[in-house]
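# Coordinates in review
Chain by chain, the residues run as shown.
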Amino acid sequence: MNSSNLLSVVTFIYGLAAFLYIVSWIFNKEMPGRIATWIAIIAVVGNTGGIALRWIESYRLGIGHAPLSNMYESLVFFAWTIGVIYLVVEQTYKNRIIGAFATPLAFMAIAYASLSPNISDRIQPLIPALKSNWLIAHVVTCFIGYAGFAIAFAVSLIYLFRQRKTESKTGLFSHFPDAGILDELTYQMVTLGFLFLTVGIITGAVWANSAWGSYWSWDPKETWSLITWFVYATLLHARMMRGWEGKKIAYLSIIGFLAVMFTYFGVNLLPGLHSYG
Amino acid sequence: MNKKTGSADFSGRLWKLFASVRLTIIVLLSLAVTSIVGTIIPQNKRPEAYLNEYGEFLYSILSVFDIFDMYHSWWFQALLLMLTVNIVVCSTHRFSALWKILSIKNPSFNVSKFRNLSNKEEFTDSRSPEDLKRIYVPIVSRSFRYRRIEETDNGLCIFAEKGRWTRAGVYVIHFSVVLLLIGGLIGSIFGFKGFVNIPEGKTIDNIRLYNTGKAQKLNFKIRCDNFNIKFYDSGAPSEYRSTLTILEQGKSVLTRNIIVNHPLRYKGINIFQSNYGELPPREIALNFKNRATGISHKKKVSVGQQFDIPGDMGQFVIKGHRDSYNFRGHNLGKTFMGILTPNNGSLVHVILPVRFPFFDDRIRNDDLIISVEDYDHSYYTGLQVTRDPGVLVVYSGFVIMIIGCFITFFVSHQRLCVEISKSGKKSRIMVAGTANKNKLGMQSRIKKIAKSMSK
Ligand code: HEM
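Fair warning: this is a prediction, and the values are worked out from it, not measured in the lab. (Residues numbered from 1 in each chain as written. Chains lettered and ligands numbered in written order. Predicted model: local features only at pLDDT ≥ 70, side-chain atom pairs only at ≥ 80, totals over all residues. Heavy atoms only, no water.)

### Considering the interface of chain B and chain A
Each partner contributes residues to the interface: chain B has 45 residues there, and chain A has 47 residues. Around 4000 Å² of area is buried between chain B and chain A when both sides are counted, 72% of it from carbon and sulfur atoms. Three residues, Thr39, Asn261 and Phe409 of chain B, lead the burial of chain B against chain A; their summed loss comes to 16% of the area buried on that side. Counting every contact that joins chain B to chain A gives zero salt bridges. At the surface where chain B touches chain A, the tally comes to five residue pairs in polar contact (both at pLDDT 80 or more). (Contact = heavy atoms within 4.5 Å. Buried area = accessible area lost by both parts, 1.4 Å probe. Salt bridge = Lys/Arg side-chain N within 4 Å of Asp/Glu carboxyl O. Polar contact = N/O pair within 3.5 Å; in protein donor to acceptor, adjacent residues only side chain to side chain.)

### Considerations on the sheet that holds strand 17 (residues 335-341) of chain B
Residue and element names in this part refer to chain B. Pairing in this open sheet of four strands is antiparallel, and the strands run 13-14-17-18 from one edge to the other. The open sheet has two edge strands, strand 13 (307-308) and strand 18 (348-353), and neither has a second partner. Sheet analysis places strand 17 next to strand 18, joined by six bridges and oriented antiparallel. The residue bridging Met337 from the neighbouring strand is Ile351, located in strand 18. (Pairing = 2+ DSSP bridges. Helix = DSSP H or I, 4+ residues; strand = E, 2+ residues; numbered from the N terminus.)

### Things to note about the coordination of the iron atom of the ligand
Of the protein atoms, only His237 of chain A (NE2) and His174 of chain B (NE2) coordinate the iron atom of the ligand, at distances of 1.8 to 1.9 Å. The site at the iron atom of the ligand holds six donor atoms, and with the angles between them running 88 to 179°, its shape is octahedral. Here His174 of chain B lies in helix 7 (residues 169-190) and His237 of chain A lies in helix 7 (residues 220-238), a pairing that spans two chains. With relative accessibility at 18%, the residue His237 of chain A sits in the buried group. (Donors = N, O, S within 2.8 Å, 3.2 Å for Na, K, Ca; no water. Tetrahedral: all angles 85-135°; square planar, octahedral: opposite > 155°, others 65-115°. Buried < 20%, exposed > 50% of the residue type's maximum accessible area, 1.4 Å probe, protein only.)

### Description of the sheet that holds strand 11 (residues 283-290) of chain B
Residues and elements named next belong to chain B. Taken together, three strands build an open sheet; the order of strands is 12-11-19 and the sheet is antiparallel. On the outer flanks of this sheet lie strand 12 (296-302) and strand 19 (368-375), each paired with one strand and no other. Ignoring strand direction, the axes of neighbouring strands in this sheet form an average angle of 25°. Where strand 11 lies against strand 12, seven bridges are found, and the strand directions are antiparallel. Opposite Asn287, over in strand 12, you have Lys298 as the bridge partner. (Axes fitted to C-alpha atoms, helices over the stretch in contact; angles between N-to-C directions.)

### Regarding the pairing of strand 10 (residues 269-278) of chain B
Residues and elements named next belong to chain B. Relative to strand 10, strand 9 (residues 264-266) is paired through three bridges, and the arrangement is antiparallel. The residue of strand 10 that forms the bridge with Tyr266 is Ile269. Hairpin connection between strand 9 and strand 10: a loop of two residues separates the two successive antiparallel strands, and Lys267 in this loop has a positive phi of roughly 50°. Judged from the eight bridges that link them, strand 10 and strand 20 (residues 379-387) form a sheet pairing that is antiparallel. By the bridge assignment, Asn275 is partnered in strand 20 with Gly382.

### Points about the site of the ligand
The local shell around the ligand holds 21 residues, among which Tyr187, His237 and Met240 of chain A together with Cys90 and His174 of chain B are the closest. More than one chain lines the surroundings of the ligand; the residues nearby belong to chains A and B. In the environment of the ligand, an oxygen atom lies 2.5 Å from a nitrogen or oxygen atom belonging to the side chain of Tyr187 of chain A. For the ligand, a nitrogen atom lies 2.7 Å from a polar atom in the side chain of His237 of chain A. Under a 2 Å grid-point criterion requiring more than half of the atoms, the pocket assigned to the ligand is the second largest pocket. Of the residues forming the shell around the ligand, the biggest block, five residues, is contributed by helix 4 (residues 74-103) of chain B. Broken down by class, the residue content of the shell around the ligand amounts to 14 nonpolar, six polar and one charged. (Near = heavy atom within 4 Å. 1 Å grid on protein atoms, 1.4 Å probe; cavity = no way out; pocket = protein on both sides within 12 Å on 5 of 7 lines; lining within 4 Å. Sits in = over half its atoms within 2 Å of the grid points. Nonpolar A, V, L, I, M, F, W, Y, C, P; charged D, E, K, R; others polar.)

### Observations regarding unusual backbone geometry
Positioned with a positive phi, Trp218 of chain A is a non-glycine residue whose angle comes to about 55°. With respect to the helices, strands and loops of the structure, Trp218 of chain A is situated in the loop between helix 6 (179-212) and helix 7. Notably, Arg328 of chain B is not glycine yet its phi reads approximately 50°, a positive angle. Accessibility expressed as a relative area gives 71% for Arg328 of chain B, which makes it exposed.

### Brief notes about the pairing of strand 21 (residues 414-423) of chain B
All names here are of chain B. Of all the 10 residues making up strand 21, eight are buried; the element is thus mostly covered by neighbouring parts of the structure. In the sheet, strand 3 (residues 155-162) pairs with strand 21 via eight bridges, with the strands oriented antiparallel. Residue pairing across strands places Ala160 opposite Leu416, the latter belonging to strand 21. In this sheet, strand 22 (residues 426-435) lies alongside strand 21 in antiparallel orientation, the contact comprising 10 bridges. Looking at strand 22, one finds that Gln414 is bridged to Ala435. Linking strand 21 to strand 22, which pair antiparallel, is a turn of two residues; within it Gly424 sits at a positive phi near 70°.

### Looking at a nonpolar patch on the surface
All names here are of chain B. On the surface, Phe57, Ile61, Val64, Phe65 and Trp74 cluster together into a nonpolar patch covering about 590 Å² of accessible area. The element contributing the most residues to the nonpolar patch is helix 3 (residues 47-64), with three residues. Examined against the element boundaries, Phe65 turns out to sit in the loop between helix 3 and helix 4. (Patch = residues over 30% accessible without salt bridge, like charges linked within 9 Å, V, L, I, M, F, W, Y side chains within 5 Å. Areas by Shrake-Rupley, 256 points an atom, 1.4 Å probe, with all protein chains shown as cover.)

### Remarks on the packing of aromatic side chains
For the coordinates displayed, the defined rule picks out 47 aromatic pairs over all chains. Ring centres of Tyr264 of chain A and Phe265 of chain A lie 4.3 Å apart, and the angle between their planes is 25°; on these two criteria the pair is classed as stacked. Judged by centre distance (5.8 Å) and plane angle (80°), the rings of Phe95 of chain B and Tyr171 of chain B are edge-to-face. Pair noted here: Phe95 of chain B is in helix 4 and Tyr171 of chain B is in helix 7, with a separation of 76 residues, a long-range link. (Phe/Tyr/Trp six-rings, centres within 6.5 Å; stacked < 30°, edge-to-face > 60°.)

### Observations regarding the layout of surface pockets
Here the second largest pocket is characterised by a volume of approximately 1100 Å³. What lines the second largest pocket is a set of 37 residues, and nearest its centre among them are His237 and Met240 of chain A together with Val170, His174 and Thr408 of chain B. Taken together, the elements giving at least two residues each to the lining of the second largest pocket come down to helix 6 and helix 7 of chain A together with helix 2 (21-40), helix 4, helix 7 and helix 9 (391-410) of chain B. Ranked by residue count, the leading element in the lining of the second largest pocket is helix 4 of chain B, at nine residues. Class assignment of the residues belonging to the lining of the second largest pocket gives a composition of 20 nonpolar, 11 polar and six charged. (Points joined across faces, edges and corners; volume = space filled by probe spheres on them.)

Next up, the structure:
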């Protein structure tokens, strides 16, 4: 079995975990949720194996490099970071409803990698611009940041659903976690994301300076990562002002994640240095 | 109204405005929204390109607002300046309050506040408060540096805290933002960014600046000794390598290979491998074949020089070449153009695509078949040459910002209170604590401390 096949299988495991989390949430049953946790753990382990195997395969091909060099590999890694951070959050907060919103994101990332005809899963040699030790530091930190924001996004969605349905204390929304906890969790995830996005932008800048002599050149991907950074900096400051708790913070976190998504996918539609990504 | 108080009032209001987080939010969001523009409209193209794209009217409006170089426009710079002033004023404004907190030698603790916390741990122990104190103090000291013991009416309290200084973390972040802006400013005033193409074997001491297009003299010379590309088996490029020599007063002082990601730095000037190109070939090996006899002759020729074709078949000259040649909708790649002067008859234009040696055979269907065997490949290397004395400031800003974010988000100011009071023959113990962030983490920490005490 090669890494691409393994990762295709992992895609379905993520899908199954997401399905069970959602079932557990909708029918308010404990059992599917417990199974979902184990399946999510299996998915993350498989995901780890897939990444490791791909790394080994690239060395067998004689073009060894960390599997972080193209869209396919970054999506697989993105799914992995979401999975790992989510499982940590689940352990910490002892709540599985977030899983119904977070694991589908991991599933979508890896499914897009595995199933989209536009994304090649071939292991390619590194182009000269990517031959740098900064590549790993840059990609890893950026994607941990993105994953933090992804989970903040999931929690913000739950928060907004919850606030809308506070009157009718029945059905799906009755067993959502406490609003205060959701708000706190959003903040925790945003700070995690903000720290890593900051390090990601910085490692990117240092790399750019060592590769073509300027740490900042306003190329669209750089600029979009800065826009994302500004949005989350706004969120952090907005929390300090009265009247900006809860709902508005949730909206900002959603806008921030849309900016993340545009930085990741949308920018490829624009011209610039990163267009090989 | 008194004029004096009026202006004091005004400056006071201005100060308040710049000290407010509300302004921060407005400025940060404005920066985010306006930055989008420059990612949609390509920056720093030639005016003709924009005129083509937008027409004259829209072009003139957009150029009034410097949209085509918006990140260096006055209004974008003004936003950045506003952010800087905002940070400086805000930090100054709040510093005295912070200093009061940080400089206290003996922080005050209020037992009743700790008693009112919802997540405190309580248990009883059969030993006396004094005995327990001896056991508990080392446990508390294990993770809290500052501690103090106070007598109460019927027992004692152990207060402890740590991480008070982490409250200064945000100042560290804000300071780093200012450093980045200053570093950027230094770079844009005292630095430059340009490029130069050097043919193999040639030496230059001038580069061309990106933003103005003007020449910039270097105080040394750069010679390109050699340029080389390596390919993977798949045909994709794997390495671009230039061998460069630095010359000072005619003497070579240093020779170095540079590849992408591994630049040469010399006297504050950075030299990067950025692109390359092929120089126009000067020597071409041609093959002349007589269709009737089947005899071929090879000849090395120079561009632009007319010569007799071997075998007395007229004269020929290579006029030039194109890197790509379009023939009936097909790109034939690198193609040489020649003019044939037959012994009898008029001039004939001959097209010689390098990759298609049979082209002339098929197209002209003449007695004489001409094809290109080879030509001299020589390259120029494209170097980016930059100088940025602000980089050190920016890099220290980077480091400080990461440290600041880490402190601010993940290290908290924690306060602990262990109250031991006599209740009959036993002691009642309460363990409670606060933290300014990661409250959940603090809760489990309190539980852990309580557990190790009740053992
Ligand atoms: C790009 C610019 C800026 C960045 C990256 C930044 C970053 C931060 C961060 C990460 C925090 C910590 C937030 C938290 O703990 O949740 C913070 C707090 C704060 N920032 Fe900024 N900031 C910026 C600009 C400003 C400006 C212009 C002001 C001026 C009013 C400001 C005022 C504050 C205040 C008052 C706090 C809270 C301090 C406290 O908790 O005691 N910030 N900032």
